[in-house]
Amino acid sequence: MTEVDNFTEQIINDKNKTNVRCQFCNSLMLKALEGKYCEQEIDVPLMEQKKDSAVDSLNTETLRHFWQIDDMMTFENIGFSHTVDGRKFLVCADCERGPVGYHELATKRCYLALQRVVHSDK
């Protein structure tokens with residue numbers, strides 16, 4: 001997981017400086033320079049839900065820093081959840097952990113949260 005304090009180190013010319021990988025299985029999700037940096041505040045479900053939460057409610061956190069991907073075919077490896085309120089949440093296609101971001105159905109853009117992934121060329 002990339003810490004908030006280190007986000008600026010991952011950006012070069014508003015693009016992702018290095019490859020973006022799953023923090024759990026190290027699967028390559030996005031190659032370097034394929035995502036455009038953007039900021040927006042979006043509530044995204046927590047990667048691990050509390051066991052005592054109601055079935056119809058999700059525990060969320062507000063995320064602000066994203067890689068914007070305009071074409072879903074740009075990804076090397078990504079999975080999609082069921083549609084929830086006009087969005088599909090993004091997960092690692094290999095280990096199915098997530099969500100690591102979301103896909104906006106109206107615009108067809110994907111947003112990969114910097115805080116939910118690892119930035120590494122290895």
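Residues numbered from 1 in each chain as written. Predicted model: local features only at pLDDT ≥ 70, side-chain atom pairs only at ≥ 80, totals over all residues. Heavy atoms only, no water.

As named in an unreviewed UniProt entry, the protein chain is Guanine nucleotide exchange factor MSS4 homolog, taken from Drosophila rubida.

**What to know about the side chain of arginine 116**
Among the secondary structure elements, arginine 116 is positioned in the loop between strand 10 (109-113) and strand 11 (117-119). Taking relative accessible area as the criterion, arginine 116 reaches 4% and is therefore assigned buried. Within the structure, the side chain of arginine 116 is placed 2.7 Å from the side chain of glutamate 61, a separation counted as a polar contact. In this structure the side chain of arginine 116 is engaged in a polar contact, spanning 2.5 Å, whose partner is the backbone oxygen of proline 99. The contact partners of arginine 116, leaving out residues within four places of it in the chain, are Gln23, Val44, Pro45, Leu46, Met47, Glu61, Leu63, Pro99 and Val100. (Helix = DSSP H or I, 4+ residues; strand = E, 2+ residues; numbered from the N terminus. Buried < 20%, exposed > 50% of the residue type's maximum accessible area, 1.4 Å probe, protein only. Polar contact = N/O pair within 3.5 Å; in protein donor to acceptor, adjacent residues only side chain to side chain. Contact = heavy atoms within 4.5 Å.)

**Examining the environment of glycine 86**
Summarising the element assignment, glycine 86 is placed in the loop between strand 7 (79-84) and strand 8 (87-91). Distance in space between the C-alpha atoms of glycine 86 and leucine 105 is 5.7 Å, their sequence separation being 19 residues. Here glycine 86 is in contact with His103, Glu104 and Leu105, once residues within four sequence places are set aside.

**Remarks on the state of the cysteines**
Covalent bonding between the sulfur atoms of two cysteines defines a disulfide. Enumeration over the complete set of coordinates arrives at zero disulfides. With no disulfide of its own, cysteine 92 lies closest to cysteine 25 among cysteine sulfurs, the gap being 3.6 Å. Take cysteine 110: it sits in no disulfide, and the sulfur closest to it among the cysteines is that of cysteine 38, at 11 Å. (Disulfide = S-S within 2.5 Å.)

**A word on the nonpolar core**
By size, the foremost hydrophobic cluster in this structure holds 17 residues, and its most contacted members are Met29, Trp67, Phe75 and Leu112. Where this core is concerned, the elements lending two or more residues are strand 3 (20-22), strand 4 (28-30), strand 6 (60-69) and strand 10. One finds Cys38, Val44, Tyr111 and Ala113 within the second-largest nonpolar core, a separate group that totals nine residues. (Core = buried A, V, L, I, M, F, W, Y, C linked by side-chain atoms within 4.5 Å.)

**Some remarks on the sheet that holds strand 11**
The antiparallel open sheet is built from three strands, whose spatial order is 4-3-11. Sheet topology places strand 4 and strand 11 at the edges, where each strand pairs with a single neighbour. Direction aside, neighbouring strands of the sheet carry axes that sit 45° apart on average. By the bridge criterion, two bridges tie strand 3 to strand 4 in an arrangement that is antiparallel. (Pairing = 2+ DSSP bridges. Axes fitted to C-alpha atoms, helices over the stretch in contact; angles between N-to-C directions.)

**Overview of the packing of aromatic side chains**
Counting across every chain of the model gives four aromatic pairs. Ring geometry for tyrosine 37 versus tryptophan 67: centroids 6.0 Å apart, planes at 75°, classification edge-to-face. Pair noted here: tyrosine 37 is in strand 5 (residues 36-45) and tryptophan 67 is in strand 6, with a separation of 30 residues, a long-range link. Its relative accessible area of 16% is what places tyrosine 37 among the buried residues. Taking relative accessible area as the criterion, tryptophan 67 reaches 0% and is therefore assigned buried. (Phe/Tyr/Trp six-rings, centres within 6.5 Å; stacked < 30°, edge-to-face > 60°.)

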